[in-house]
Amino acid sequence: MYRQAPPIPARVETPDGRLLMTEKDILDGQQVWQSIGGQQVGTIWGHGAYQAPDWSADWLHREATALLDRYGEKEQQRPYAQLPAELQASLRERLRGELRHNGYDPATGRLVISAERAAVIAEVGRYYQDLFGDSSALASLRESYALQSNPIPEAWRRERLANFFFWTAWACTTERPGQAVTYTNNWPHEPLVGNVPSSANILWSILSIILLLAGIGGLVWYQAFKRDHEPLPEPPAKDPFDSLALTPSMKATAKYGVVVIALFVLQVLLGALTAHYTVEGQSFFGIPIGEYLPYALTRTWHLQLAVFWIATAFLAAGLFLAPAVGGKEPKYQRLGVNLLFGALIVVVGGSMTGEALSIGQHLGLDAGFWFGHQGYEYVDLGRVWQIGLYVGLLLWLGLMLRALWPALTAKDATRPIVLLFTGSTAAIGLFYGAGLMFSARTHLTVMEYWRWWVVHLWVEGFMEVFATAAIAFIFTRFGLIRAESAGRATLLSTAIFLLGGIPGTFHHLYFSGTPVSVMAVGAAFSALEVVPLVLIGWEAKETLSMESRVSWMRRYRWPLRFFAGVAFWNLVGAGIFGFLINPPVALYYMQGLNLTPVHAHTALFGVYGLLALGLVLTVFRRLWPAREWNERPLAFAFWAMNGGLALMVLLSLLPIGLIQTWASLEHGLWFARSAELLQSPLLENLRWLRLVGDTVFLAGVGSLTWFVIGLFTGHSFVTQAAPHTAPPALPRPI
């Protein structure tokens, strides 16, 4: 990746030596882009937000059409559109020769472009400087893009931003030395310049489907003939966890659960506001709230809070289970739990404040990266806050290891599960550090590589391994499955998942300035990620069957149903919608379109969100072990959130994504992301239809919140508390 990334020229100049821009100008522009929200304002190379254009594809199309018009005016005294077809074809061939030619000299670092192209670059650059300024002529377009007025007040910053956009488009249309594909493997689709799927793209798409079918066949064969279907043990007459005394540190995790729900509520409200901006620009039913909470900020907070509350739920579950696994409470464990809680509050509050200051252009470029906004999805928070979060994760890892140590040294039947649980704990604590491997001026290709270590491996990989081991331990402790069987099953599912998941990370990097080898590895192994999901119905059935095995398990029926919901969305969100955009030829046309958030919403909330809520409900169930819950709010919350998610996808995101895919196939990515298409009456109506799903989902979130509040006020219990089962008091403020 480091060696094959598109070069950033030291100098961009014309044949007569006139300087257009330098490497410093391009990297300054990258930092300007980061400061306004980066991937939260449109996309670059298909990664980012979906309201504004993909800036690389948009620049490429504007530059190509402007050059064609310049050729036509110069040679035929007419613009390109008014020329006969044979002359248009001739000019397109000339255009492709000029734009696909690699004029970069690696020995000197110079990129030489023609004087005609230099004039067009200046013309297109002025358009972007006006768009990100306060030009009244582009006010309507800014509203369509959900950009606030004058998002970049300083002229020199706007000029540098245009330099950065030029370079990203140059990489999209310039062929690698000695090859017939561009630095981005011919992405985006742009017929004017000859950007169409490469032969390797089509070949590896076919092979990925063959590997998927072969993997499914092998797993079904194993499930039918080789899997050990030993009988389940006889469950105990009473809940084994009832004999476990709640330790001070376990009780201290109650406030983590409260914060999880609070952040969840804030996150979904920001998501609803962000979705509304797609139809009203910067207004909320006529109220110009976007001047104070612009789209880039609400989307930043929406994505970041999703990571925060899901991660906090996993931390809480780990801290609650660790003393139960280890068998005793380490000294000062409660103090460590409280210190970690305080550190998380500081990171959340500090990062959100810094992001608002950066997007408002109140910080310098370097200060913005460190204290404000890094500009990259899911690792948006300023570097100082990112380091703080990593330190917090290391503290959590230390707390977990000291509590787990007695179980790690004991050689009994549960040791394999404990080892897997501990290993996944270490991975969660350590792998977030991959997000520290790039800086503000790191090459975009290299940054994307490390960013996906966080998004794909940390969030999607090791958190799932942790949850698998945690649930296996819980069922083992309940006496519902044998420890040996749970250990084998957990190890097998982990191995299958990570076998595809780790190299499968590359499917995010097909068109990020990477060589064909990355496409080959990503296509082959990301197909294998889907393989274990074909048996997900069996997993859901087994999970739900635990509820009926013994009467006392009914108290856990709603956490179990949340886990069963995880199985369903694993198949639909991660499996079906994930593989829809995974093959290279599919993603070639779909990257940066609304089919990506279809997968993102159904996988991130449907899988990891429901998993996090199920873990939190399990913790709450054990904090009030003798109280009977009034489960009607939970039942409504579960079905409303799942139903609302399905309606949001089926009524809005999925049809919009399919229409965009047709537009991308027919005209090119630039049109699929254009205001002309996205603000058309049909797509605006489909966006308004999202209100149906969002309203149902928000009603479910409200019901869940009401239930959690009732655990502390008493209205979520059917019976009065016995004297020895009073709810744990929230700790005093730190």
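Residue indices follow the written sequence of each chain, beginning from 1 at its first position. For a predicted model such as this one, the threshold for reporting local features is a pLDDT of at least 70, and the threshold for listing and counting side-chain atom pairs is 80 or more; totals across whole chains, interfaces and linings nevertheless cover every residue. Excluding hydrogens and water, the side-chain values take into account all heavy atoms of the structure.

Draft legend 1. Seen up close, the overall build of the protein chain. Counting from the N terminus, the helices are the DSSP runs of H or I reaching at least four residues and the strands are the DSSP runs of E reaching at least two. Along the backbone of the protein chain there are 25 helices and 6 strands. Counting only C-alpha atoms, the protein chain reaches 90 × 55 × 50 Å along its principal axes. Contact definition: two residues touch when any of their heavy atoms are within 4.5 Å. In the protein chain, 76% of the contacts between residues at least 6 apart in sequence involve partners at least 24 apart. A 1.4 Å probe and the Shrake-Rupley method give the accessible areas. Residues count as covered only by the protein chains that appear here. Surface summary for the protein chain: the accessible area is close to 27200 Å², and the carbon and sulfur share equals 65%. In summary, the charge assignment counts Lys and Arg as positive and Asp and Glu as negative, without counting His or the chain termini. A charge is said to be at NZ when it belongs to Lys, at CZ for Arg, at CG for Asp and at CD for Glu. Positive and negative side-chain charges of the protein chain, numbering 52 and 51 respectively, have mean locations separated by a distance of 11 Å.

Draft legend 2. Quick peek at helix H6 (residues 155-173). The span you would expect from a helix comes to 1.5 Å times its residue count less one. Helix length check: H6 (19 residues) gives 28 Å between terminal C-alpha atoms against 27 Å at 1.5 Å per residue, within 8%. The element H6 is extensively covered by neighbouring structure, given that 16 of its 19 residues are classed as buried. The buried label goes to any residue with under 20% of its type's maximum accessible area, the exposed label to any with over 50%, and the partly exposed label to all in between, with areas taken from a 1.4 Å probe on protein chains only.

Draft legend 3. Broad picture of empty space enclosed by the protein. Of the two site types, the cavity is a set of points on a 1 Å grid over the protein atoms alone where a 1.4 Å probe fits but cannot get out, and the pocket is an open set with protein on both sides within 12 Å along at least five of seven lines, each lined by residues with an atom within 4 Å of a point. Grid points are joined across faces, edges and corners, and a volume is the space filled by probe spheres set on the points. Summed over the entire model, instances satisfying the criterion amount to 8 cavities of 30 Å³ or more. Of the pockets and cavities examined, the largest cavity occupies roughly 230 Å³. Contributing to the lining of the largest cavity are 19 residues, with His456, Glu460, Glu529, Ala574 and His599 lying nearest its centre. Those elements that place two or more of their residues in the lining of the largest cavity are helix H15 (444-478), helix H17 (516-530), helix H19 (557-580) and helix H21 (595-623). With 4 residues, the single largest contributor to the lining of the largest cavity is H21.

Draft legend 4. Spotlight on the pairing of strand E2 (residues 19-22). Any two strands are treated as partners once DSSP identifies two or more bridges connecting them. Pairing of strand E1 (residues 11-13) with E2 involves 3 bridges; the strand directions are antiparallel. Looking at E2, one finds that Val12 is bridged to Met21. Linkage of E1 to E2, two consecutive antiparallel strands, is achieved through a turn of 5 residues, within which Gly17 is found at a positive phi near 90°.

Draft legend 5. Representation of the packing of helix H1 (residues 23-35) against H6 in the model. As a packed pair, H1 and H6 sit with axes 7 Å apart at the nearest point and diverge in direction by 105°. Taken as axis vectors, H1 and H6 run roughly perpendicular relative to one another. Listed contacts from H6 to Asp25, Ile26, Asp28, Gly29, Gln30, Val32, Trp33 and Ser35 of H1 are Arg157, Arg160, Leu161, Asn163, Phe164, Phe165 and Trp167. Residue classes follow a fixed rule: Ala, Val, Leu, Ile, Met, Phe, Trp, Tyr, Cys and Pro count as nonpolar, while Asp, Glu, Lys and Arg count as charged, and any other residue, Gly among them, counts as polar. Among the residues forming the contact of H1 with H6, the class breakdown is 7 nonpolar, 4 polar and 4 charged. Fitted lines through C-alpha atoms serve as axes, helices being fitted only where they are in contact, and the angles separating the N-to-C directions of these axes extend from 0 to 180 degrees. Throughout this description, any angle smaller than 35 degrees is read as roughly parallel, any larger than 145 degrees as roughly antiparallel, any in the 65 to 115 degree range as roughly perpendicular, and the remainder as oblique.

Draft legend 6. Molecular detail of the packing of helix H10 (residues 295-326) against H15. Two elements in contact, H10 and H15, have axes separated by 11 Å at closest approach and are oriented at 35°. The chirality of how H10 crosses H15 is left-handed. Touching Val307, Ile310, Ala311, Phe314, Gly318, Leu321, Ala324 and Val325 of H10 are Trp458, Met463, Phe466, Ala467, Ala470, Phe473, Ile474 and Arg477, all from H15. For the contact of H10 with H15, a count of residues per class yields 14 nonpolar, 1 polar and 1 charged. The handedness criterion is simple: a crossing whose near helix is rotated anticlockwise from the far helix by less than a right angle is left-handed, and one whose near helix is rotated clockwise is right-handed.

Draft legend 7. Spotlight on the pattern of salt bridges. We define a salt bridge as a contact between a side-chain nitrogen of Lys or Arg and a carboxyl oxygen of Asp or Glu at a distance within 4 Å. Counting across every chain of the model gives 24 salt bridges. Of the charged contacts in the structure, one is a salt bridge between Asp28 and Lys24, with a shortest N-O distance of 2.8 Å. In this pair, Asp28 and Lys24 are both assigned in helix H1, 4 residues apart and thus about one turn of the helix distant. Of the residues examined, Asp28 reaches a relative accessible area of 7% and is grouped as buried. Residue Lys24 is classed as exposed on the basis of its relative accessible area of 51%. Through salt bridges that share partners, Lys24, Asp25, Asp28, Glu159, Arg160 and Arg441 make up one connected network.

Draft legend 8. Seen up close, the packing of aromatic side chains. When the centres of two rings from Phe, Tyr and Trp lie within 6.5 Å, Trp using its six-membered ring, the rings pair. Their planes under 30 degrees apart give stacked, over 60 give edge-to-face, and anything left gives tilted. Scanning the entire structure with this criterion turns up 49 aromatic pairs. Plain terms: the ring middles of Tyr449 and Trp450 are 5.0 Å apart, the flat faces sit at 70° to each other, and that makes the pair edge-to-face. Each of the two residues, Tyr449 as well as Trp450, counts as buried. Ring geometry for Trp670 against Phe671: centres 5.6 Å apart, planes inclined by 65°, an arrangement best described as edge-to-face. Residue classification places Phe671 among the buried positions, given a relative accessible area of 13%. Over the ring of Trp452 we find Arg451; its NZ or CZ atom is 4.6 Å from the centre of that ring. For a Lys NZ or an Arg CZ to count as sitting over a ring, it must be within 6 Å of the ring centre and within 35 degrees of the ring normal.

Draft legend 9. A nonpolar patch on the surface, seen in detail. Candidates for patches are residues over 30% relative accessible area with no salt bridge; among them, like charges are joined within 9 Å and nonpolar side chains (Val, Leu, Ile, Met, Phe, Trp, Tyr) within 5 Å. Taken together, Phe284, Phe285, Ile287, Trp688 and Leu691 make up a surface patch of nonpolar side chains, about 460 Å² in accessible area. In this fold, Leu691 is placed in helix H25 (residues 681-713). Taking relative accessible area as the criterion, Leu691 reaches 36% and is therefore assigned partly exposed.

Draft legend 10. Broad picture of helix H3 (residues 85-100). The end-to-end C-alpha separation of H3 is 22 Å, in line with the 22 Å expected for 16 residues at 1.5 Å each. Residues of H3 that are buried: Gln88, Leu91, Leu95, Glu98, Leu99 and Arg100. Relative to the axis of H3, the buried residues are bounded by an arc of 165° and lie together on one face. Turning to H3, the residues buried within the fold contact helix H2 (55-76), helix H4 (115-131) and H6. It is the directions from the helix axis to the C-beta atoms that the arc portrays.

Draft legend 11. Geometry of the sheet that holds strand E5 (residues 104-105). With respect to topology, 4 strands assemble into an open sheet ordered E2-E1-E6-E5, the strand pairing being mixed. The open sheet has two edge strands, E2 and E5, and neither has a second partner.

Draft legend 12. Representation of unusual backbone geometry in the model. Following Trp187, the chain continues into Pro188 via a peptide bond in cis, with omega recorded as 0°. Along the polypeptide, Pro188 turns up in the loop between H6 and helix H7 (199-226). For Gln77, which is not a glycine, the phi torsion comes out positive at approximately 55°. The topology assignment puts Gln77 in the loop between H2 and H3. Take Gln77: its relative accessible area is 57%, and that puts it in the exposed class. Residues other than glycine seldom take positive phi values, yet Gln361 does so here, at roughly 60°. When you line up the elements, Gln361 lands in the loop between helix H11 (333-359) and helix H12 (365-372). Among the residues examined, Gln361 registers a relative accessible area of 15% and is labelled buried.

Draft legend 13. Representation of the environment of Leu436 in the model. With respect to the secondary-structure elements, Leu436 resides in the loop between helix H14 (415-431) and H15. Of the residues examined, Leu436 reaches a relative accessible area of 26% and is grouped as partly exposed. Placed 239 residues apart in sequence, Leu436 and Ala675 show a C-alpha to C-alpha distance of 36 Å. The contacts of Leu436, once residues within four sequence positions are left out, are Arg383, Gln386, Ile387 and Tyr390.

Draft legend 14. Representation of the confidence of the model for the protein chain within the structure. For every residue, the predictor states its confidence as a pLDDT score lying anywhere from 0 to 100. Confidence in the prediction of the protein chain, expressed as mean pLDDT, is 91, and 96% of residues score 70 or more. The low-confidence segment residues 721-734, where pLDDT is below 50, has 18 contacts with residues more than four positions distant or belonging to other chains.

Draft legend 15. Quick peek at the side chain of Asp58. Looking at where Asp58 falls in the secondary structure, it is placed in helix H2. Taking relative accessible area as the criterion, Asp58 reaches 9% and is therefore assigned buried. Filtering out sequence-adjacent residues up to four positions away, Asp58 remains in contact with Pro53, Tyr127 and Tyr128.

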